[in-house]
Number of protein chains: 2
Amino acid sequence: MPFWKLTIAYDGTEFSGWQAQPERRTVQGVVKAAWREITGENPRLSASSRTDAGVHAVGQVLGVETQSRLGAEKLFSGINAKLPDDVVLVAVDEAPVGFHATRDAVGKHYRYQIHNQRSRPLLDRRQVWHVTQPLDAAAMHRSGQAMVGEHDFASFQSAGSERETTIRTISLVDIQWSKDQPSACLWIDVQGDGFLYNMVRIIVGTLVEVGLGKRAESWPAEVIAARDRSAAGRTAPPHGLMLLRVEY
Amino acid sequence: MPFWKLTIAYDGTEFSGWQAQPERRTVQGVVKAAWREITGENPRLSASSRTDAGVHAVGQVLGVETQSRLGAEKLFSGINAKLPDDVVLVAVDEAPVGFHATRDAVGKHYRYQIHNQRSRPLLDRRQVWHVTQPLDAAAMHRSGQAMVGEHDFASFQSAGSERETTIRTISLVDIQWSKDQPSACLWIDVQGDGFLYNMVRIIVGTLVEVGLGKRAESWPAEVIAARDRSAAGRTAPPHGLMLLRVEY
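Rules behind the numbers
Residues numbered from 1 in each chain as written. Chains lettered and ligands numbered in written order. Predicted model: local features only at pLDDT ≥ 70, side-chain atom pairs only at ≥ 80, totals over all residues. Heavy atoms only, no water. Helix = DSSP H or I, 4+ residues; strand = E, 2+ residues; numbered from the N terminus. Buried < 20%, exposed > 50% of the residue type's maximum accessible area, 1.4 Å probe, protein only. Contact = heavy atoms within 4.5 Å. Least-squares fit on C-alpha atoms with pLDDT ≥ 70 in both. Buried area = accessible area lost by both parts, 1.4 Å probe. Salt bridge = Lys/Arg side-chain N within 4 Å of Asp/Glu carboxyl O.

Participant: For this particular structure, what's the right way to read the overall build of chain A?
Facilitator: Helix and strand counts for chain A stand at five helices and 10 strands. Overall, the C-alpha framework of chain A stretches about 60 × 40 × 30 Å when taken along its three principal axes. Across the 248 residues in chain A, those meeting the buried criterion constitute 54%. Of all intrachain contacts in chain A linking residues separated by at least 6 positions in sequence, the fraction that spans at least 24 positions is 72%.

The following block contains the structure:
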């Protein structure tokens, strides 16, 4: 009874998020269907992150327990051949007995992309948030350092989540222009041991207030201290967000 | 009676190319409609390049002669507001009297993108050709230098074009991995004073034969000398091609 770790990438545009739902096109739904076609099994899939509708992934990790005797190579090519063109199976690796992609994750790395220019984005328009007023990236980076460390992130959680604790540890907040020259794309990278519901998108919405000069650089630290969702900025739109990598 | 130079960008995926055609969605068609909504005029538009269905542009240049007294800023914001999300008006500049985007162009820069990895491309899947076998980029670059200079490119022209001469001057053929790290994306940049029908795509199809090791590095020079379309490689698919820039 082998356990597998699947690494997948997807364009979230045409999905109602990760989690399977009746009558909706979901990432879990299409991966399950592909697995079933190849192995004949109806699998249980765990995911490192239940990404919302519109959110993308480069390195989402899934856990699956199977009776199938198919090897990694057969699973890789077979499942890829059955997936639609907006989901790619990137890697199939053997996992330890009992592997569970949600429980066993110890770190996640997200990137949020902002197209910061008056002109509309084009080829990447489904992967960026368009902010037309100029952003001060250095101010956003400095004020974002208040997030780093162990904090109660209750201010950065949307209603509707039921986590036992709102304490999380953030190891990196890094804000820089993308490497394209000239660059109109701002990258907001956030790494941590785990995230509350909409946490990255609320962090981004909060830092953008600083970047626009509407709030002082000291404000994000006050938002953390408030432990109240209404103290923070808006929730940035989902399509700018991408799950880059998960650590185990 | 001012003349304007419009610089536009588009995602060619959902267009039947540049040239207006009845019952088809074309770039010329949507730009004309936007212009008409803003100025009330039915404009004549010249374009530097009549890109084919599926081909993209970052810096396509259009020429238009108008009776409208609207200034550059009004045209810019008004037309952009009327364009669909897969066409962006990048710049509006005054042009000299009699400006014609096709006739007056003195140089064009195209880029062709190849996703060279076993895994399928994802977020950029509509802008890259997927070649699964490994390509030798250095061999392609070396053999591509045979194209540089003034040559008769009759071997690199699809049937159906009616140009007076098949002699063109290529100033640059540059093949390199994109700047992403790690990169699976090969950039084939070609600059010249003008191009025959499908010329860049046939150059790419020919150089890929060298990159795959199916042909010697000396072969592209022989293809030029043959002056016969059947001597060259296949026509690479349209969606990997992008018009980057036009010089006047």
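Participant: Help me understand unusual backbone geometry, please; the structure alone is not making it clear to me.
Facilitator: Residue A:N198 is not a glycine yet carries a positive backbone phi of 65°. Among the secondary structure elements, A:N198 is positioned in the loop between β9 (185-192) and α4 (199-211). Phi is positive for B:R227, which is not a glycine, with a value near 50°. One can find B:R227 in the loop between α5 (219-226) and β10 (241-247).

Participant: What is the right way to read the relation of the copies chain A and chain B from this model?
Facilitator: In summary, the two copies of the chain are related to each other by a rotation about an axis coupled with a shift along it. Overlay of chain A on chain B (RMSD 0.0 Å): rotation 180°, translation along the axis 0.0 Å. These values place the two chain copies in the arrangement generated by a two-fold rotation axis. The residues that chain A uses at the interface reappear at the interface of chain B in 100% of cases, marking a shared surface.

Participant: Got a minute to help me understand the interface of chain A and chain B in this structure?
Facilitator: In many analyses, interface size is given as the accessible surface area lost on bringing the parts together. Residue-level contacts link 27 residues of chain A with 27 residues of chain B. Roughly 2,000 Å² of surface becomes buried between chain A and chain B when both sides are summed, with 48% attributable to carbon and sulfur atoms. When the buried area of chain A at its contact with chain B is split by residue, A:R120, A:L122 and A:L123 rank highest and sum to 34% of it. If you look at where chain A meets chain B, you find six salt bridges. The closest approach of N and O atoms between B:E73 and A:R118, which form a salt bridge, is 2.9 Å. Every element with two or more residues in the side of chain A that touches chain B is listed here: β1 (3-10), β3 (56-65), α2 (72-82) and β4 (87-95) of chain A.

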